[in-house]
Amino acid sequence: MPEQIKTKLLILGGGPGGYVAGIRAGQLGIDTVLVEGDRVGGTCLIRGCIPSKAMIHVAGKFADMTHAVGGAADGIGVATAPTLDLARTVAWKETVVDKLNGGVAALLKRQKVKVLNGWGRFTDAKTCVVETADGEITVKAEHVILAAGSIPAALPHIPFGGDVISSTEALSLPELPKRLVVIGAGYIGLELGSAFRKFGCEVTVVEALDRILPLYDEALTKPVRTWLEQAGVTLHLGARAQGFENGELVVEKNGQTLRLPADKLLVTVGRRPRTAGWGLESMGLDMAGPFVRVNNQMETAMRGVYAIGDLVGEPMLEHKAAAQAHVAVETIAGQNRRFQPNAIAAVCFTEPEIVSCGVSPAEAELMGIDAITAVFPFTANGRALSMEAGEGFTRVVARKSDHRVIGLQAVGRHVSELAGEFAMSVEMGAVLEDLAGTIHVHPTLSETVHEAALRALGHAIHI
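Thresholds, definitions, all that
- Residues numbered from 1 in each chain as written.
- Predicted model: local features only at pLDDT ≥ 70, side-chain atom pairs only at ≥ 80, totals over all residues.
- Heavy atoms only, no water.
- Helix = DSSP H or I, 4+ residues; strand = E, 2+ residues; numbered from the N terminus.
- Contact = heavy atoms within 4.5 Å.
- Areas by Shrake-Rupley, 256 points an atom, 1.4 Å probe, with all protein chains shown as cover.
- Lys, Arg positive; Asp, Glu negative; His and termini not counted.
- Charge placed at Lys NZ, Arg CZ, Asp CG, Glu CD.
- Axes fitted to C-alpha atoms, helices over the stretch in contact; angles between N-to-C directions.
- Parallel < 35°, antiparallel > 145°, perpendicular 65-115°, else oblique.
- Left-handed = near helix turned anticlockwise from the far one by under 90°.
- Expected span 1.5 Å × (residues − 1).
- Buried < 20%, exposed > 50% of the residue type's maximum accessible area, 1.4 Å probe, protein only.
- Pairing = 2+ DSSP bridges.
- 1 Å grid on protein atoms, 1.4 Å probe; cavity = no way out; pocket = protein on both sides within 12 Å on 5 of 7 lines; lining within 4 Å.
- Points joined across faces, edges and corners; volume = space filled by probe spheres on them.
- Polar contact = N/O pair within 3.5 Å; in protein donor to acceptor, adjacent residues only side chain to side chain.
- Nonpolar A, V, L, I, M, F, W, Y, C, P; charged D, E, K, R; others polar.
- Salt bridge = Lys/Arg side-chain N within 4 Å of Asp/Glu carboxyl O.

Q: Just to check I follow, could you spell out the overall build of the protein chain for this structure?
A: Secondary structure summary: the protein chain contains 13 helices and 23 strands in total. Its C-alpha atoms put the protein chain at 70 × 60 × 45 Å along the principal axes. Pairs at least 24 residues apart make up 62% of the contacts formed inside the protein chain by residues separated by at least 6 positions. Within the structure as shown, the protein chain displays about 21,200 Å² of accessible surface, and the carbon and sulfur contribution to it stands at 52%. Each charge class in the protein chain can be summarised by its mean position, and for the 43 positive and 50 negative side chains these summaries are 4 Å apart.

Put into structure tokens, the structure is as follows:
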């Protein structure tokens, strides 16, 4: 007879939402079972954010060494071109993943969370049958948190398989493709496309829209496009992929048909919630389009069932899922919690990086907000110039009526590290005078936040 377990809380999915929910539940003394078909850590830790940033880091080192052959302007030179063993790079990347995975597993164990490794399927809203290596285990729970995550979206006429790969396969290639074609000029496609170009691949990007990175305004994306063009990445904007045959991507652009040779075709047209294969149809939940509908306490239409992360809508970000995990668990524990962020910061790890939190100037105008906007260029920041990173800027957007900061954006090298200050400023309702009155450390990129606020108030110092 299959083993049966009764528990206070069952969590489906061990990604950033699920494992954070498990750890927090353990801290609150809630008897918890977590079901995960793979290793704990989910897409972000195992197949996405962390491994991709590791590869981007290595690509940057390789490009810097390549640039130094014969001597660079900063005085560093190498005698011969660097070599790359991609298999070793992938293996090193996996050691990073394994270290983080082991850390998450240890944290769950410390909080006495029982982890079941196997594929779970709900037979009703509170009962899940888990296929483990040792046989079936039936888990019955008082409360359930669904954290099933998302999967790469495929094109119906160009399915994954063979030389058509998703970001998951791109991060584990045994050797570099000579010619990589990327479908989609969003953040995933451009992050990986830029990394492979730094490795020396011929990279072509195909995008149906007439611009790159459509989630960001053109002032932020212009430096990225400049880098792509200078680096030799071929951009086909306003182009639609028609099919992949005989190692060539067939593209329609301006009424003409192009045939683009590709050793690997990387499809990055977005992600979709993982709603199939685990019994969603047996749970009686309401849907909001492709997503599970929840309220601001992360409750679904079924009492005692919660959903978080990519399963419940955009933005599909690790830090959003983790924040929602806290809300769901603490609501189960009887606390009065709500998921009501003022803004969620997002980072694009292209070359250069982009970070954005809150509304842009154009969005403020569409919302009918009379706003003050000020930009401070990195050409006037000592730290940026010392890193050969003077092409970017920091921008602040504030309501004119009360100087409340409603948006902060930046583009440039290492600007991802400004995301915390951006999020804190918007979330805590800072005004321009708060940013201007805070002493920022010199020499750092964060000084550009201070100077942007000063400029919005009419008295910037270094410009």
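Q: I keep staring at the packing of helix α3 (residues 49-67) against helix α4 (residues 86-110) and nothing clicks. Help me out?
A: Packed helix pairs are characterised by how far apart their axes lie and by the angle those axes make with each other. Between α3 and α4, the shortest axis-to-axis distance is 9 Å and the interhelical angle comes to 140°. As judged from the angle between their axes, α3 and α4 are oblique. At the point where α3 passes α4, the crossing takes the right-handed sense. Contacts between α3 and α4 pair Ile50, Pro51, Ala54, Met55, His57 and Val58 from the former with Leu86, Thr89, Val90, Trp92, Lys93, Val96, Val97 and Leu100 from the latter.

Q: Can you help me understand helix α8 (residues 318-332) in this one?
A: An α-helix turns once per 3.6 residues; consequently, residues spaced three or four apart project the same way. Over its 15 residues, α8 extends 21 Å from the first C-alpha to the last, a length consistent with the 21 Å expected when each residue adds 1.5 Å. Summarising burial for α8: 11 of the 15 residues are buried, a large majority. Packing partners of the buried residues in α8 comprise β1 (3-12), α1 (16-27), β5 (135-146) and β18 (305-307). Once α8 ends, the next one or two residues include glycine 334, with phi positive near 95°.

Q: Just checking my understanding: could you explain the sheet that holds strand β14 (residues 264-267) for this structure?
A: Where strands meet in a sheet, backbone hydrogen bonds hold them as pairs that are either parallel or antiparallel. The strand order across the open sheet built from 5 strands is β7-β14-β8-β9-β10, with neighbouring strands paired in parallel fashion. Edge positions in the sheet fall to β7 (164-165) and β10 (234-237), since each of these pairs with one other strand and no more. Of the pairings in the sheet, the one linking β7 to β14 comprises 2 bridges and is parallel in character. Opposite isoleucine 165, over in β14, you have leucine 266 as the bridge partner.

Q: Would you take a moment to explain the pairing of strand β11 (residues 239-245) for this structure?
A: Consecutive side chains along a regular strand alternate between the two faces of the sheet. Two elements, β11 and strand β12 (residues 248-253), share 6 bridges in a ladder whose sense is antiparallel. Along β12, the bridge assignment pairs arginine 240 with glutamate 252. Connecting the antiparallel pair β11 and β12 is a turn made up of 2 residues, with asparagine 246 showing a positive phi of about 50°.

Q: Which parts of the structure should I look at to understand empty space enclosed by the protein?
A: It is a probe the size of a water molecule, rolled over the atoms, that shows where empty space is left. The tally for this structure, following the rule as stated, stands at 1 cavity of 30 Å³ or more. When its volume is computed, the largest cavity comes out at roughly 40 Å³. Lining the largest cavity, in full, are Pro152, Ser166, Ser167, Ile188, Val267, Thr268, Gly270 and Arg271.

Q: Looking at this model, I keep getting lost on the side chain of threonine 32. Mind explaining?
A: Its location among the elements puts threonine 32 in strand β2 (residues 32-36). Residue classification places threonine 32 among the buried positions, given a relative accessible area of 1%. At a separation of 2.8 Å, a polar atom in the side chain of threonine 32 contacts the main-chain carbonyl oxygen of isoleucine 30.

Q: Whenever I open this one, the packing of helix α6 (residues 187-198) against helix α7 (residues 218-231) confuses me. Can you help?
A: Running from amino to carboxyl end, α6 crosses α7 at an angle of 30°, the nearest separation of the two axes being 11 Å. Relative to α7, the element α6 lies roughly parallel. In this structure, α6 crosses over α7, and the sense of that crossing is left-handed. For the pair formed by α6 and α7, the contact residues are Leu190, Ser194, Arg197 and Lys198 on the first element and Val224, Trp227, Leu228 and Ala231 on the second. The residue inventory of the contact of α6 with α7, partitioned by class, reads 5 nonpolar, 1 polar and 2 charged.

Q: Explain the pattern of salt bridges here, please?
A: One side chain can pair with another of opposite charge once the charged atoms of both are near each other. According to the stated counting rule, one finds 18 salt bridges in the structure shown. Between glutamate 94 and lysine 93 there is a salt bridge; the shortest N-O distance is 2.8 Å. For glutamate 94, a relative accessible area of 23% puts it in the partly exposed group. Overall, the relative accessible area of 2% leaves lysine 93 in the buried class. Note that glutamate 281 and arginine 121 form a salt bridge whose closest N and O atoms lie 2.8 Å from each other. With glutamate 281 in the loop between β15 (271-273) and β16 (287-288) and arginine 121 in strand β3 (residues 114-124), this pair connects stretches of sequence that are 160 residues apart. Glutamate 281 gets classed as exposed once you look at its relative accessible area, which sits at 55%.

Treat this as a map of the structure, not an account of what it does.
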